[in-house]
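Coordinate analysis (summary)
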Amino acid sequence: MKNAAMKVKKAVIPAAGLGTRFLPITKAVPKELLPLVDRAAIQYAVQEAAAAGIEQVIVVTSRGKEAIADYFDRHLELESILTVKGDSQRLLEVRRLSEMAQMTYIRQPEQLGLGHAVLCASRAVGEEPFAVILPDVIVLGEPGATSQLLEVFHRYGASVIAVEEVLASEIQNYGVIVPQPIAEGVYRVLGTVEKPAPEEAPSNLAILGRYIFTPEIFDALARVKPGAKGEIQLTDGMGLLLESQPMYAFRLHGVSYDVGNPLGLLKASIELALAREDMGPALREFLRRVVS
Ligand code: G1P
């Protein structure tokens, strides 16, 4: 159980995808920076990591994604303007972005798939367990998704992935596990399959974009051959890791949103805005009017 006692200090956020579902906006703006009200979608992933005690966030990017680094960097001119104006609330919000975690950026030179993107972070991660957070999925609720997974990781001392029950009609959009229930909300993972046809899905438990991995996942990913969509799939790497190590899945508590497509982003934005004191009441009033 050497892993169980190890502190998880690093998280990898894959952010190298082209964002084709958001074209044409993603011609010029990385999809990870599209706003959920007034915050970039990727901010939720970094916040979740920081809340789980992660110290270093490694973002895997690609050409044209430089603005992500700007978003998390200090902006001294802006900070001094806000200071002069006495706008302390915005100043705090802007500064907080650069203080959440130590940010590192790595480029994925070619779009070879999610598994390959994670593999690009292997040197930066080294020989220690780490988290993976897909910024397309945001999970709201306390404690955060990564904190919940870490609790299970420390309990079992092995890789842990988040799962959620999904409808049969949705299953082909996800990685799916072969589960063996072992405790309340916890499963031993016996196998994984990426984006199965509904009639071939081994369960209704879909992988939800949150993972804690032992470093041996990198050896597995280095051996993965192109799978679904011709890409190096993270799910296939997990299948190989299972040959030499146990892996667990945890049914997350909290509400998840898929912000990787325009409708999902819109729904999440509306939910978040409705919960805000400064705009919730006005938005509720507006929605009532437009849907009647
Ligand atoms: C990725 C993973 C898949 C997972 C999904 C949701 O797919 O490959 O296993 O279920 O994220 O987290 P994508 O949505 O990038 O196609």
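Our subject in this report is the structure included herewith. These numbers come from a predicted model, not from an experiment.

Moving on, we get to the layout of surface pockets. Space inside the largest pocket adds up to approximately 1,400 Å³. As for the largest pocket, its lining consists of 46 residues, and the residues nearest its centre are Arg21, Lys31, Asp136, Lys195 and Lys229. Of all the secondary-structure elements, those providing two or more residues to the lining of the largest pocket are helix 5 (114-119), strand 8 (159-165), strand 11 (205-213), strand 13 (255-258) and helix 10 (262-274). Approximately 530 Å³ is the volume attributed to the second largest pocket.

Core analysis: the largest hydrophobic core is formed by 38 residues, its most contacted members being Ile42, Ile54, Val57, Phe72 and Leu252. The element that contributes the greatest number of residues to this core is helix 7 (residues 145-156), accounting for five residues. Those residues in contact with Ile42 that lie beyond four places of it in its chain are Ile13, Ala15, Glu32, Leu33, Val59, Ile68, Phe72 and Pro135. If you look at the next biggest cluster of nonpolar residues, it comprises 33 residues, including Val12, Val132, Leu205 and Ile232.

Here the focus is the packing of aromatic side chains. What characterises a pair of aromatic rings is the spacing of the ring centres plus the angle enclosed by the ring planes. Enumeration according to the criterion identifies five aromatic pairs in this entry. For the pair Tyr211 and Phe213, a centre-to-centre distance of 5.3 Å together with 20° between the ring planes defines the contact as stacked. Phe213 carries the same exposure label as Tyr211, and that label is buried. These aromatic residues form a ring-pair network of at least three members: Phe130, Tyr211, Phe213 and Phe218.

This paragraph deals with empty space enclosed by the protein. Scanning all chains against the criterion turns up one cavity of 30 Å³ or more. Approximately 60 Å³ is the volume attributed to the largest cavity. Taken together, Phe22, Lys31, Glu32, Ala41, Pro135, Asp136, Val259, Gly260 and Leu265 make up the lining of the largest cavity. Split into classes, the residues belonging to the lining of the largest cavity amount to five nonpolar, one polar and three charged.

Direction of pairing for strand 9 (residues 175-183) relative to strand 10 (residues 186-194): antiparallel, over a ladder of eight bridges. When the bridges of strand 10 are listed, Val178 appears paired with Gly191. Connecting the antiparallel pair strand 9 and strand 10 is a turn made up of two residues, with Gly185 showing a positive phi of about 75°. For strand 10 and strand 12 (residues 247-251), the ladder comprises three bridges, and the chain directions are antiparallel. Bridge pairing in strand 12 links Tyr187 to Ala249.

About the cut-offs
Residues numbered from 1 in each chain as written. Predicted model: local features only at pLDDT ≥ 70, side-chain atom pairs only at ≥ 80, totals over all residues. Heavy atoms only, no water. 1 Å grid on protein atoms, 1.4 Å probe; cavity = no way out; pocket = protein on both sides within 12 Å on 5 of 7 lines; lining within 4 Å. Points joined across faces, edges and corners; volume = space filled by probe spheres on them. Helix = DSSP H or I, 4+ residues; strand = E, 2+ residues; numbered from the N terminus. Core = buried A, V, L, I, M, F, W, Y, C linked by side-chain atoms within 4.5 Å. Buried < 20%, exposed > 50% of the residue type's maximum accessible area, 1.4 Å probe, protein only. Contact = heavy atoms within 4.5 Å. Phe/Tyr/Trp six-rings, centres within 6.5 Å; stacked < 30°, edge-to-face > 60°. Nonpolar A, V, L, I, M, F, W, Y, C, P; charged D, E, K, R; others polar. Pairing = 2+ DSSP bridges.

Coordinates in, geometry out; function isn't part of it.
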